[in-house]
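Spelled out, the chains give:
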Amino acid sequence: MVAQVDNAYIKARPTRLWSRLLSYALFEGRPLTTRGQWINPLLFKLFALQKRLPQMRKSVAPVFILGTGRSGTTILGVVLSMHHDVGFLNEPKAIWASLREDEDLIGSYHRGAARYRLTAEDAPASLIREAQRIYGAYLGLTLTRRVVDKYPELIFRVPFVRQIFPDAKFLFLSRDGWDTCASIDNWSSRLGAEVDGEVHDWWGVNRRKWNLLVDQIVQEHSDLAPHAKELRALDDHRAMAATEWIVTMREGLQLLDKYPNDVLHVPYALLCEDPEGMCRRIAKFSGLANDEVFIDYARQVLSPVPAKEEFPLPAMLEASFRNTCEALRAREVMS
(Lines give C-alpha, C1' and ligand atoms only; values in the text may rest on other atoms or scores of the structure.)
Protein backbone atom coordinates (compact mmCIF):
# COMPACT_ATOMS: atom_id res chain seq x y z
CA MET A 1 0.00 0.00 0.00
CA VAL A 2 1.68 3.22 -1.17
CA ALA A 3 1.66 6.08 1.35
CA GLN A 4 -0.86 4.19 3.55
CA VAL A 5 -3.58 5.08 1.02
CA ASP A 6 -6.34 2.65 0.07
CA ASN A 7 -9.74 2.96 -1.60
CA ALA A 8 -11.51 3.75 1.66
CA TYR A 9 -9.08 6.60 2.29
CA ILE A 10 -9.59 8.10 -1.17
CA LYS A 11 -13.36 7.72 -0.96
CA ALA A 12 -13.55 9.44 2.43
CA ARG A 13 -11.86 12.62 1.19
CA PRO A 14 -10.26 12.51 -2.29
CA THR A 15 -8.45 15.83 -1.77
CA ARG A 16 -6.27 14.19 0.88
CA LEU A 17 -4.55 12.08 -1.75
CA TRP A 18 -2.30 14.95 -2.91
CA SER A 19 -0.95 15.59 0.56
CA ARG A 20 -0.24 11.94 1.31
CA LEU A 21 1.47 11.20 -2.00
CA LEU A 22 3.61 14.32 -1.81
CA SER A 23 4.58 13.49 1.77
CA TYR A 24 5.63 10.01 0.71
CA ALA A 25 7.44 11.06 -2.46
CA LEU A 26 9.32 14.17 -1.35
CA PHE A 27 9.69 14.22 2.43
CA GLU A 28 9.55 10.85 4.20
CA GLY A 29 12.60 9.14 2.69
CA ARG A 30 13.17 5.40 2.29
CA PRO A 31 14.68 3.57 5.27
CA LEU A 32 16.79 0.42 5.17
CA THR A 33 14.04 -2.16 4.91
CA THR A 34 12.15 -0.49 2.04
CA ARG A 35 12.54 -0.27 -1.70
CA GLY A 36 13.39 2.87 -3.62
CA GLN A 37 16.36 3.98 -1.53
CA TRP A 38 17.86 5.47 -4.70
CA ILE A 39 15.67 8.53 -4.08
CA ASN A 40 17.28 9.42 -0.75
CA PRO A 41 20.22 11.44 -2.18
CA LEU A 42 17.73 13.45 -4.23
CA LEU A 43 15.64 14.17 -1.15
CA PHE A 44 18.69 15.38 0.75
CA LYS A 45 19.44 17.77 -2.11
CA LEU A 46 15.83 18.99 -1.93
CA PHE A 47 16.13 19.54 1.83
CA ALA A 48 19.40 21.44 1.30
CA LEU A 49 17.62 23.72 -1.16
CA GLN A 50 14.67 24.27 1.19
CA LYS A 51 17.07 25.20 4.00
CA ARG A 52 18.40 28.08 1.87
CA LEU A 53 15.11 29.41 0.51
CA PRO A 54 12.87 31.88 2.36
CA GLN A 55 10.33 30.20 4.61
CA MET A 56 7.12 29.48 2.67
CA ARG A 57 4.82 29.09 5.67
CA LYS A 58 5.10 29.15 9.43
CA SER A 59 4.61 25.79 11.10
CA VAL A 60 2.18 26.51 13.92
CA ALA A 61 1.84 24.01 16.79
CA PRO A 62 3.04 20.89 14.94
CA VAL A 63 1.82 17.63 16.45
CA PHE A 64 4.26 14.78 17.09
CA ILE A 65 3.17 11.17 17.59
CA LEU A 66 5.45 9.41 20.07
CA GLY A 67 5.71 5.94 21.57
CA THR A 68 7.01 2.54 20.53
CA GLY A 69 6.76 1.46 16.94
CA ARG A 70 4.05 -1.11 16.16
CA SER A 71 1.75 0.42 18.77
CA GLY A 72 -0.78 2.05 16.45
CA THR A 73 1.23 5.17 15.69
CA THR A 74 0.79 4.80 11.92
CA ILE A 75 -2.98 4.34 11.93
CA LEU A 76 -3.34 7.28 14.30
CA GLY A 77 -1.33 9.43 11.89
CA VAL A 78 -3.35 8.24 8.91
CA VAL A 79 -6.61 9.03 10.73
CA LEU A 80 -5.36 12.49 11.64
CA SER A 81 -4.30 13.05 8.02
CA MET A 82 -7.98 12.90 7.08
CA HIS A 83 -8.52 16.23 8.88
CA HIS A 84 -8.82 19.02 6.33
CA ASP A 85 -6.02 21.07 7.93
CA VAL A 86 -3.47 18.30 8.46
CA GLY A 87 -0.46 17.15 6.48
CA PHE A 88 0.86 13.83 7.83
CA LEU A 89 4.52 12.85 7.72
CA ASN A 90 5.01 9.14 8.40
CA GLU A 91 8.42 8.80 10.05
CA PRO A 92 10.22 11.53 8.08
CA LYS A 93 13.57 10.42 9.47
CA ALA A 94 15.27 11.65 6.33
CA ILE A 95 14.33 15.23 7.29
CA TRP A 96 15.72 14.83 10.79
CA ALA A 97 18.86 13.09 9.52
CA SER A 98 19.43 16.06 7.21
CA LEU A 99 19.37 18.32 10.27
CA ARG A 100 21.65 16.19 12.47
CA GLU A 101 23.61 13.18 11.27
CA ASP A 102 23.92 11.79 14.80
CA GLU A 103 20.15 11.38 15.15
CA ASP A 104 20.02 8.35 12.81
CA LEU A 105 19.55 5.36 15.11
CA ILE A 106 18.86 2.84 12.36
CA GLY A 107 21.65 3.69 9.94
CA SER A 108 19.37 4.36 6.99
CA TYR A 109 21.09 7.63 6.05
CA HIS A 110 24.23 7.94 8.19
CA ARG A 111 26.51 5.35 9.77
CA GLY A 112 28.55 7.51 12.17
CA ALA A 113 28.10 7.90 15.92
CA ALA A 114 24.47 8.38 16.98
CA ARG A 115 22.60 9.52 20.08
CA TYR A 116 19.23 8.43 21.41
CA ARG A 117 18.80 11.61 23.41
CA LEU A 118 18.98 15.10 21.98
CA THR A 119 18.46 18.16 24.18
CA ALA A 120 17.62 21.81 23.69
CA GLU A 121 21.35 22.55 23.50
CA ASP A 122 21.55 20.35 20.40
CA ALA A 123 19.31 22.73 18.45
CA PRO A 124 21.35 25.86 17.60
CA ALA A 125 19.73 28.81 15.85
CA SER A 126 20.92 27.60 12.44
CA LEU A 127 19.26 24.19 12.87
CA ILE A 128 16.03 25.79 14.12
CA ARG A 129 15.92 28.01 11.05
CA GLU A 130 16.57 25.09 8.70
CA ALA A 131 13.93 22.85 10.32
CA GLN A 132 11.32 25.59 10.19
CA ARG A 133 12.07 26.22 6.52
CA ILE A 134 11.71 22.54 5.61
CA TYR A 135 8.45 22.19 7.51
CA GLY A 136 7.22 25.47 6.08
CA ALA A 137 7.99 24.21 2.58
CA TYR A 138 6.11 21.02 3.38
CA LEU A 139 3.00 22.96 4.41
CA GLY A 140 3.21 25.13 1.33
CA LEU A 141 3.63 22.28 -1.13
CA THR A 142 0.94 20.08 0.42
CA LEU A 143 -1.52 22.98 0.82
CA THR A 144 -2.05 22.16 4.49
CA ARG A 145 -2.00 24.22 7.69
CA ARG A 146 -0.81 21.82 10.38
CA VAL A 147 1.95 19.23 10.46
CA VAL A 148 1.47 15.86 12.14
CA ASP A 149 4.84 14.12 12.38
CA LYS A 150 4.94 10.47 13.46
CA TYR A 151 8.43 9.58 14.65
CA PRO A 152 8.13 7.36 17.74
CA GLU A 153 11.76 7.68 18.90
CA LEU A 154 11.40 11.43 19.27
CA ILE A 155 9.96 10.51 22.66
CA PHE A 156 13.57 10.63 23.86
CA ARG A 157 14.14 14.06 22.27
CA VAL A 158 11.22 16.19 23.39
CA PRO A 159 13.38 19.06 24.76
CA PHE A 160 15.18 19.15 21.40
CA VAL A 161 11.90 19.29 19.47
CA ARG A 162 10.46 21.93 21.79
CA GLN A 163 13.51 24.11 21.21
CA ILE A 164 12.77 24.02 17.47
CA PHE A 165 8.97 24.25 17.79
CA PRO A 166 8.13 25.85 21.17
CA ASP A 167 4.38 25.46 20.61
CA ALA A 168 4.57 21.77 19.63
CA LYS A 169 2.02 19.27 20.91
CA PHE A 170 2.82 15.61 21.60
CA LEU A 171 0.61 12.52 21.48
CA PHE A 172 2.02 9.70 23.60
CA LEU A 173 0.52 6.50 22.21
CA SER A 174 0.66 3.42 24.39
CA ARG A 175 -0.36 -0.13 23.51
CA ASP A 176 -0.47 -3.31 25.56
CA GLY A 177 3.10 -4.55 25.94
CA TRP A 178 2.40 -8.13 24.87
CA ASP A 179 0.67 -6.92 21.71
CA THR A 180 3.42 -4.46 20.86
CA CYS A 181 6.23 -6.98 21.31
CA ALA A 182 4.44 -9.62 19.24
CA SER A 183 3.95 -7.08 16.47
CA ILE A 184 7.62 -6.03 16.49
CA ASP A 185 8.71 -9.67 16.34
CA ASN A 186 6.39 -10.30 13.39
CA TRP A 187 7.57 -7.14 11.59
CA SER A 188 11.23 -8.05 11.92
CA SER A 189 10.57 -11.60 10.74
CA ARG A 190 8.71 -10.36 7.64
CA LEU A 191 10.89 -7.43 6.64
CA GLY A 192 14.30 -8.22 8.05
CA ALA A 193 16.90 -9.19 5.45
CA GLU A 194 20.60 -9.71 4.87
CA VAL A 195 21.98 -7.19 2.39
CA ASP A 196 25.62 -7.23 1.26
CA GLY A 197 26.66 -9.02 4.42
CA GLU A 198 24.67 -6.71 6.72
CA VAL A 199 21.54 -7.60 8.69
CA HIS A 200 18.79 -5.00 8.19
CA ASP A 201 15.81 -5.38 10.53
CA TRP A 202 13.88 -3.63 13.29
CA TRP A 203 17.11 -3.07 15.15
CA GLY A 204 18.86 -1.26 12.33
CA VAL A 205 22.10 -2.13 10.57
CA ASN A 206 23.70 -5.05 12.41
CA ARG A 207 21.79 -4.24 15.65
CA ARG A 208 22.86 -0.59 15.59
CA LYS A 209 19.63 0.65 17.20
CA TRP A 210 19.64 -2.12 19.79
CA ASN A 211 23.22 -1.45 20.84
CA LEU A 212 22.50 2.27 21.16
CA LEU A 213 19.40 1.56 23.23
CA VAL A 214 21.29 -0.68 25.65
CA ASP A 215 24.34 1.56 25.88
CA GLN A 216 22.53 4.90 26.20
CA ILE A 217 18.99 4.35 27.54
CA VAL A 218 19.01 1.10 29.50
CA GLN A 219 21.86 2.53 31.59
CA GLU A 220 19.43 5.14 32.98
CA HIS A 221 17.19 2.48 34.57
CA SER A 222 18.39 1.07 37.88
CA ASP A 223 16.52 -2.23 37.45
CA LEU A 224 17.83 -2.84 33.91
CA ALA A 225 21.33 -1.37 33.96
CA PRO A 226 22.86 -4.26 35.98
CA HIS A 227 21.78 -6.60 33.17
CA ALA A 228 23.21 -4.50 30.33
CA LYS A 229 25.78 -7.10 29.31
CA GLU A 230 23.15 -9.86 29.10
CA LEU A 231 20.71 -7.58 27.32
CA ARG A 232 23.28 -6.58 24.73
CA ALA A 233 23.73 -10.25 23.86
CA LEU A 234 20.00 -10.99 23.44
CA ASP A 235 18.85 -12.37 20.11
CA ASP A 236 15.20 -13.03 21.04
CA HIS A 237 13.31 -10.25 19.26
CA ARG A 238 10.36 -10.42 21.66
CA ALA A 239 12.62 -9.95 24.67
CA MET A 240 14.45 -7.15 22.89
CA ALA A 241 11.11 -5.52 22.04
CA ALA A 242 10.05 -5.87 25.68
CA THR A 243 13.14 -3.94 26.72
CA GLU A 244 12.44 -1.17 24.22
CA TRP A 245 8.80 -1.07 25.30
CA ILE A 246 9.66 -0.77 29.01
CA VAL A 247 12.04 2.17 28.64
CA THR A 248 9.82 3.92 26.07
CA MET A 249 6.64 3.65 28.14
CA ARG A 250 8.48 4.90 31.20
CA GLU A 251 9.73 7.86 29.19
CA GLY A 252 6.18 8.65 28.08
CA LEU A 253 4.84 8.51 31.63
CA GLN A 254 7.55 10.94 32.73
CA LEU A 255 6.66 13.32 29.89
CA LEU A 256 3.02 13.35 30.98
CA ASP A 257 4.13 14.61 34.39
CA LYS A 258 6.73 17.03 33.07
CA TYR A 259 4.65 18.64 30.31
CA PRO A 260 1.00 18.13 31.32
CA ASN A 261 -0.27 20.86 28.98
CA ASP A 262 1.66 19.70 25.93
CA VAL A 263 1.58 15.89 26.10
CA LEU A 264 -1.61 13.85 25.76
CA HIS A 265 -1.80 10.17 26.62
CA VAL A 266 -3.55 8.17 23.90
CA PRO A 267 -4.06 4.52 24.93
CA TYR A 268 -4.44 2.50 21.74
CA ALA A 269 -7.14 0.30 23.24
CA LEU A 270 -9.28 3.33 24.10
CA LEU A 271 -8.66 4.82 20.65
CA CYS A 272 -10.02 1.63 19.07
CA GLU A 273 -12.91 1.21 21.51
CA ASP A 274 -14.13 4.81 21.25
CA PRO A 275 -12.70 6.34 18.05
CA GLU A 276 -15.04 9.32 18.04
CA GLY A 277 -14.52 10.27 21.67
CA MET A 278 -10.77 9.84 21.59
CA CYS A 279 -10.34 11.65 18.26
CA ARG A 280 -12.44 14.59 19.43
CA ARG A 281 -10.24 14.77 22.50
CA ILE A 282 -7.09 14.66 20.37
CA ALA A 283 -8.45 17.37 18.07
CA LYS A 284 -9.31 19.64 21.00
CA PHE A 285 -5.90 19.11 22.59
CA SER A 286 -4.14 19.78 19.27
CA GLY A 287 -6.20 22.87 18.45
CA LEU A 288 -7.78 21.32 15.35
CA ALA A 289 -11.15 22.60 14.20
CA ASN A 290 -14.20 20.37 14.16
CA ASP A 291 -14.24 18.11 11.08
CA GLU A 292 -16.91 15.43 10.79
CA VAL A 293 -15.25 13.72 7.80
CA PHE A 294 -12.22 13.10 10.00
CA ILE A 295 -14.43 11.72 12.78
CA ASP A 296 -16.41 9.52 10.39
CA TYR A 297 -13.20 8.09 8.96
CA ALA A 298 -11.92 7.31 12.47
CA ARG A 299 -15.11 5.40 13.22
CA GLN A 300 -14.73 3.51 9.95
CA VAL A 301 -11.13 2.31 10.31
CA LEU A 302 -10.62 1.96 14.06
CA SER A 303 -12.01 -1.03 15.94
CA PRO A 304 -10.86 -3.25 18.83
CA VAL A 305 -8.29 -5.90 17.97
CA PRO A 306 -7.87 -9.28 19.72
CA ALA A 307 -5.21 -9.31 22.42
CA LYS A 308 -2.07 -11.36 21.87
CA GLU A 309 -1.10 -14.12 24.27
CA GLU A 310 1.60 -13.62 26.85
CA PHE A 311 4.97 -15.22 26.16
CA PRO A 312 7.94 -16.15 28.36
CA LEU A 313 10.28 -13.30 29.24
CA PRO A 314 13.82 -13.50 30.62
CA ALA A 315 13.75 -13.32 34.41
CA MET A 316 15.74 -10.06 34.31
CA LEU A 317 12.82 -8.38 32.45
CA GLU A 318 9.75 -10.02 33.98
CA ALA A 319 9.14 -7.72 36.96
CA SER A 320 10.09 -4.54 35.07
CA PHE A 321 7.73 -5.42 32.22
CA ARG A 322 4.76 -6.25 34.44
CA ASN A 323 5.30 -3.20 36.66
CA THR A 324 5.30 -0.99 33.57
CA CYS A 325 2.05 -2.61 32.43
CA GLU A 326 0.51 -1.76 35.80
CA ALA A 327 1.79 1.83 35.67
CA LEU A 328 0.18 2.33 32.27
CA ARG A 329 -3.13 0.86 33.41
CA ALA A 330 -3.12 3.20 36.39
CA ARG A 331 -2.49 6.17 34.12
CA GLU A 332 -5.33 5.11 31.82
CA VAL A 333 -7.72 5.19 34.77
CA MET A 334 -6.53 8.73 35.59
CA SER A 335 -7.10 9.75 31.96
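About the thresholds
- Residues numbered from 1 in each chain as written.
- Predicted model: local features only at pLDDT ≥ 70, side-chain atom pairs only at ≥ 80, totals over all residues.
- Heavy atoms only, no water.
- Pairing = 2+ DSSP bridges.
- Helix = DSSP H or I, 4+ residues; strand = E, 2+ residues; numbered from the N terminus.
- Axes fitted to C-alpha atoms, helices over the stretch in contact; angles between N-to-C directions.
- Parallel < 35°, antiparallel > 145°, perpendicular 65-115°, else oblique.
- Left-handed = near helix turned anticlockwise from the far one by under 90°.
- Contact = heavy atoms within 4.5 Å.
- Nonpolar A, V, L, I, M, F, W, Y, C, P; charged D, E, K, R; others polar.
- Salt bridge = Lys/Arg side-chain N within 4 Å of Asp/Glu carboxyl O.
- Buried < 20%, exposed > 50% of the residue type's maximum accessible area, 1.4 Å probe, protein only.
- Polar contact = N/O pair within 3.5 Å; in protein donor to acceptor, adjacent residues only side chain to side chain.

Now for the sheet that holds strand β6 (residues 198–201). An order of β5-β6-β7 is seen for the 3 strands of this open sheet, with the pairing classed as antiparallel. Both edges of this open sheet fall to β5 (193–195) and β7 (204–205), since each of them pairs with a single strand only. Alignment of β6 against β7, held across 2 bridges, turns out to be antiparallel. Residue pairing for β7: H200 is matched across the bridge by V205.

Another aspect to go through is the packing of helix α9 (residues 208–217) against helix α11 (residues 237–258). Axis separation between α9 and α11 bottoms out at 11 Å; the angle between their running directions is 45°. Classed by the angle they form, the pair α9 and α11 counts as oblique. Judged by the sense of rotation from one axis to the other, the crossing of α9 with α11 is left-handed. For the pair α9 and α11, the contacting residues are K209, W210, L213 and I217 in the first and M240, T243, E244 and V247 in the second. For the contact of α9 with α11, the class distribution of residues is 5 nonpolar, 1 polar and 2 charged.

Before going further, it helps to spend a moment on the pattern of salt bridges. Tallying each qualifying case throughout the model produces 27 salt bridges. When the shortest N-O distance is used, the salt bridge between E292 and R280 registers 3.0 Å. Note that E292 is positioned in helix α14 (residues 292–301) and R280 in helix α13 (residues 275–286), a separation of 12 residues in sequence. We classify E292 as partly exposed; its relative accessible area is 35%. Given a relative accessible area of 30%, R280 falls into the partly exposed group. Two residues, E326 and R329, come together in a salt bridge whose shortest N-O distance is 2.4 Å. Here E326 pairs with R329, and both are found in helix α15 (residues 315–334), just 3 residues apart, close to one helical turn. The partly exposed category is assigned to E326, whose relative accessible area is 46%. Taking relative accessible area as the criterion, R329 reaches 41% and is therefore assigned partly exposed. Through salt bridges with shared partners, a single network forms among E91, K93, K150, E153, K209 and E244.

The residue Q4 is not glycine, and still its phi comes out positive at about 60°. By secondary structure assignment, the location of Q4 is in the segment before α1 (7–12). Even without being glycine, N206 reaches a positive phi, approximately 50°. In this structure, N206 sits in the loop between β7 and α9. Take N206: its relative accessible area is 40%, and that puts it in the partly exposed class.

Looking at where H83 falls in the secondary structure, it is placed in the loop between α4 (73–81) and β2 (86–90). Residue H83 is classed as buried on the basis of its relative accessible area of 0%. There is a polar contact of 2.7 Å between the side chain of H83 and the backbone oxygen of A289. Those residues within four positions of H83 in sequence are excluded, and the remaining contacts are R13, R16, L288, A289, D291 and F294.

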